[in-house]
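Structure assessment
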Amino acid sequence: MTAPNRSPSAADDGALRAAFRAAFERELGLATQGTTVDAALRAAAAACRDLLAQRWTRTQAEDAGPDGQRVSRRVHYLSMEFLMGRALGNALAALGLEDELRDQLARLGHSLPDVLERESDAALGNGGLGRLAACFLDAFAEQGLPAFGYGLRYRYGMFAQGIEGGRQIERPDDWMKHGEPWELPRPELRYPVGFGGHVSIGADLRHHWSPAERLVAEGYDFIVPAHHSERVATLRQWQAKAADPIDFNAFCHGDYAAASRHQLAADSLNWVLYPDDSTAAGRALRLKQEAFLVSASLQDLIARHLREGQSLDTLGQRNAIHLNDTHPALAPAELMRLLLDEHQLPWHQAWAITTQAVSYTNHTLMPEALETWPVSLFEELLPRHLGIIYEINHRFLDDVRRRFPHDHSRVARMSLIDEGSDHSERRVRMAALAIVASHKVNGVSALHSELMVQTIFADYAAMWPERFHNVTNGVTPRRWLSQANPGLAGLLDGRIGTAWRKDLGQLAALKPLAADPALGQEFMAVKRANKQRLAARIERELGLAVNVDSLFDVQIKRIHEYKRQLLNLLHVVARYQAILDNPQGPDGKDWVPRTVVIAGKAASAYQAAKLIIRLAHDIAAIINHDPRVAGRLKLVFLPNYSVSLAETILPAADLSEQISTAGTEASGTGNMKFALNGAITIGTWDGANIEMAEAMGVENMFVFGLRTEAVAQLVARGYQPARFERENAQLQRVLNAIDKGLFSPTEPERYRPLIDHLLGIDRYLLLADFADYVATQAQVDALYRQPAAWAERALRNVAGMGWFSADRTIRDYVERVWAVPEGV
Ligand SMILES: *Cc1c(COP(=O)(O)O)cnc(C)c1O
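Residues numbered from 1 in each chain as written. Predicted model: local features only at pLDDT ≥ 70, side-chain atom pairs only at ≥ 80, totals over all residues. Heavy atoms only, no water.

The next subject is the overall build of the protein. Helix and strand counts for the protein stand at 34 helices and 24 strands. For 824 residues, the compact-globule estimate of 2.2 N^0.38 gives 28 Å, and the protein sits close to it at 27 Å. With respect to the three principal axes, the spread of C-alpha positions in the protein is 90 × 70 × 65 Å. Of all 824 residues assigned to the protein, the portion counted as buried reaches 60%. (Helix = DSSP H or I, 4+ residues; strand = E, 2+ residues; numbered from the N terminus. Rg over C-alpha atoms; globule rule 2.2 N^0.38 Å. Buried < 20%, exposed > 50% of the residue type's maximum accessible area, 1.4 Å probe, protein only.)

Put into structure tokens, the structure is as follows:
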């Protein structure tokens, strides 16, 4: 499965192979536990890392050269999350060393798939936003962009999901327990980061901040290779250390707990992503993490700029600083602090550099998800940053008043400080800070970008219309097609050649072939093999046998009310009831057998989402053991959703569930991965579903439900979900069954609150969309009865997905956001 079209020549290949073999043998020789699968995995990873490190050195040398050779400024992509997944398969494909490792492993009596399966996911993210950042790193390398991703090195990731008695339980995800052979420690990179303390003004009229707590940030690099060149991108992750690791005085007095207090406080910064923010300590920790990430990253980029012989005058021209959502929105305040206090620039120059460098991507329209922090917490942890934010705000609001005289309510709405009411505290609005300091702000799909300027950011867009734009997300075809689905990739190579591997737009060449019956059959055979692989995994993990000839209907994503896994479950119950009513099938035709697959984690404090997981398990327990539906319907919840699990599930999907309430999903990227793997979407007119439908032809997607305007109108008129229930006998029966405890006989009231919510408020309009959803699912069945027609549509999905490559997304960012400014 060596990827074709790699740049190295055959002679280079030989040298690379020899180097890999030598490194592999050396590492294996060092292994103390012999030649077990684990030892082989570590040795292979270390050998790849050595080769990638050479590419890293060459890439850095190229990028330190004059601007003329670069396609853009150096990009610094700041993100709290990078959902990287496994690395070995990707590195082997990029280096073209799959066959070599396979041979080496065979010698030891191991198989390559076993070794690949053994690797832990680097799950340093939560969902789509983190996976996007990982896809972008891949595209940075592939596009030859001089770029660094900056993140935190979380010791326990987010959490590992277990299921006990149908309920989600969270465990620490100890992904580094066998060491981290991919990491390149950078002990020479050490930056001080402070918290708390006080600010004074010196005789020189400059601000002097004396932090109470002093940490040091140490860098660890993870190298991300291109697949068609020897370029790499870097993910640099920060680890906190105490500036004074032990309190020697306390130690000498035998008080070891007190002696290690500083180090423990530093360690806790790197424990987990998104510490539970329901406690004050959790909130403070999270703000510290954000400040730590931002400060270390900015100090690193300034140091690099100066090391390359540049002056601060050109910092903004030569460096782009991109904020992936609001988590790193402190960056402009920290950059100002570094330029003003550490480098003694005047305000106007520091601000010009900051706004030239900074840009921001918004990822959600939900007002409750826009970060704000109490002013009191800033006073306690980041007093100097608060002062700078006040000054930015002061100057900004003067501008607003000039533009909109006497409009006091506008000034209050736009202020970086939410002044609060009598009962609430004053808070810093992080998204506002990001917008004010950015030269460009984008949403992640056409619809989302439009809604962003009409709703949450309307006031800012009125002030700076040219600042706002759209860049639709994309996914890397290396991981999500070539690696995840070698069967389909090989079929494409055979039919349209290999050009799509470098330029995904070439998938369009499939369009004229989509109706070819032979191709359709081959496509279905590949799909079936992928389904067999998934079925084997389901059997292994859950002890459940599923029918590989059933329609695999899949919804995998974070569990969230707006994503409407519950609507999916309502359909499953409706189908269950319909099968019992009418075992012969609708209209005398047999039922199309279905396997509904769900996977996803619920945030640990999100009770409503956890209840949905429990309901899925309760429904599965009844349906999967009811002999009356045997062979016609199964419901499968696969625990611990991750990148590597997605890589197994996506290629096996027939139907992709993208059913968020219109206007709530910013873009989605899962939708793109499914379609790229030849699954047909059942979806709402939301996020990037819309652009996908337009690219492939809307007749190739099953679109249902209220559109954004209709949702808004219904809500404005006063949405009464109970009316939809009264008018739909099928919906009544579904809700009634859940409400009466049919799926929770030992605790019939278990789902009462959930049903009460649906009938009373139903914030995401499940009941309004239910009838259309069920009717559209019947159309899905009808098409699935005609395999040739199904295959043709699935192939048209694949053919239409070329534009949704992360490579195109990155080119858009380069052109419109990260280009070297004119006249430089
Ligand atoms: C792609 C991906 C996501 C995002 O899925 P959506 O359906 O767009 O929400 C989340 N988690 C993982 C592991 C992914 O690979």
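Taken together, the neighbourhood of the ligand is formed by 15 residues, with Lys557, Lys563, Thr669, Gly670 and Lys673 sitting nearest. With respect to the ligand, the backbone of threonine 669 contributes an N or O atom lying 2.8 Å from an oxygen atom. Here an oxygen atom of the ligand sits 2.9 Å away from a polar atom, N or O, in the main chain of glycine 670. For the ligand, the accessible surface in isolation is 390 Å², of which the surrounding protein chains cover 96%. Listing elements by their share of the shell around the ligand, those giving two or more residues are helix H6 (128-142) and helix H26 (670-676). Split by residue class, the shell around the ligand holds 5 nonpolar, 6 polar and 4 charged. (Near = heavy atom within 4 Å. Polar contact = N/O pair within 3.5 Å; in protein donor to acceptor, adjacent residues only side chain to side chain. Areas by Shrake-Rupley, 256 points an atom, 1.4 Å probe, with all protein chains shown as cover. Nonpolar A, V, L, I, M, F, W, Y, C, P; charged D, E, K, R; others polar.)

Next up on the list: the sheet that holds strand S15 (residues 417-418). The strand order across the open sheet built from 3 strands is S14-S16-S15, with neighbouring strands paired in antiparallel fashion. A single partner strand is all that each edge strand has here, and the edge strands are strand S14 (372-374) and S15. As paired elements, S15 and strand S16 (residues 427-429) share 2 bridges and run antiparallel to each other. Within the sheet, the bridge partner assigned to aspartate 418 lies in S16 and is arginine 427. (Pairing = 2+ DSSP bridges.)

Turning our eyes to something else, we now look at a nonpolar patch on the surface. The grouping of Ile246, Phe248, Phe251 and Tyr256 at the surface amounts to a nonpolar patch, some 440 Å² of accessible area in total. Along the chain, phenylalanine 251 falls in helix H7 (residues 248-252). (Patch = residues over 30% accessible without salt bridge, like charges linked within 9 Å, V, L, I, M, F, W, Y side chains within 5 Å. Salt bridge = Lys/Arg side-chain N within 4 Å of Asp/Glu carboxyl O.)

Bringing the sheet that holds strand S17 (residues 440-443) into the picture now. With mixed pairing, 9 strands are arranged side by side in an open sheet as S7-S10-S11-S4-S1-S12-S13-S17-S18. A strand with exactly one partner marks an edge of an open sheet, and here the two such strands are strand S7 (184-195) and strand S18 (468-470). Across the sheet, the mean angle separating the axes of adjacent strands is 25° when strand polarity is ignored. Where strand S10 (residues 213-225) and strand S11 (residues 232-242) come together, 11 bridges link them in antiparallel fashion. Pairing of leucine 215 across the sheet is with alanine 242, part of S11. (Axes fitted to C-alpha atoms, helices over the stretch in contact; angles between N-to-C directions.)

Of all hydrophobic cores here, the largest spans 273 residues; its most connected members are Phe140, Phe292, Phe378 and Trp818. Not counting residues within four places of it along the chain, the set of residues in contact with phenylalanine 292 comprises Leu152, Val193, Phe195, Leu215, Val216, Ala217, Trp238, Gln239, Ala240 and Leu269. (Core = buried A, V, L, I, M, F, W, Y, C linked by side-chain atoms within 4.5 Å. Contact = heavy atoms within 4.5 Å.)

Below, the discussion takes up the confidence of the model for the protein. On average, the protein scores 95 in pLDDT, and the residues at 70 or more come to 98%. Contacts from residues 1-7, a stretch scored under 50 in pLDDT, to residues over four places away or in other chains number 25 contacts. (pLDDT = per-residue confidence, 0-100.)

With that out of the way, let us pick up the packing of aromatic side chains. What the rule picks out here adds up to 22 aromatic pairs. Between phenylalanine 457 and phenylalanine 468, the aromatic rings sit 6.5 Å apart at their centres with planes inclined by 45°, giving tilted as the arrangement. You can see phenylalanine 457 sitting in the loop between helix H18 (446-454) and helix H19 (458-463) and its partner phenylalanine 468 sitting in strand S18, a full 11 residues away along the chain. This pair shows no difference in class: phenylalanine 457 is buried, exactly as phenylalanine 468 is. A network of ring pairs unites the aromatic residues Tyr360, Phe396, Phe457, Tyr460, Trp464 and Phe468 as a single cluster. The ring of tryptophan 685 carries arginine 707 above its face, with NZ or CZ at 4.2 Å from the centroid. (Phe/Tyr/Trp six-rings, centres within 6.5 Å; stacked < 30°, edge-to-face > 60°. Lys NZ or Arg CZ within 6 Å of the ring centre and 35° of its normal.)

What follows deals with the packing of helix H23 (residues 565-581) against helix H32 (residues 766-784). Between H23 and H32, the shortest axis-to-axis distance is 10 Å and the interhelical angle comes to 60°. Classified by the angle between their axes, H23 and H32 sit oblique to one another. The handedness of the crossing between H23 and H32 comes out as right-handed. Here Leu566, Leu567, Asn568, Leu570, His571, Ala574 and Arg575 of H23 come into contact with H32, specifically with Leu766, Leu767, Phe770, Tyr773, Val774, Gln777 and Asp781. (Parallel < 35°, antiparallel > 145°, perpendicular 65-115°, else oblique. Left-handed = near helix turned anticlockwise from the far one by under 90°.)

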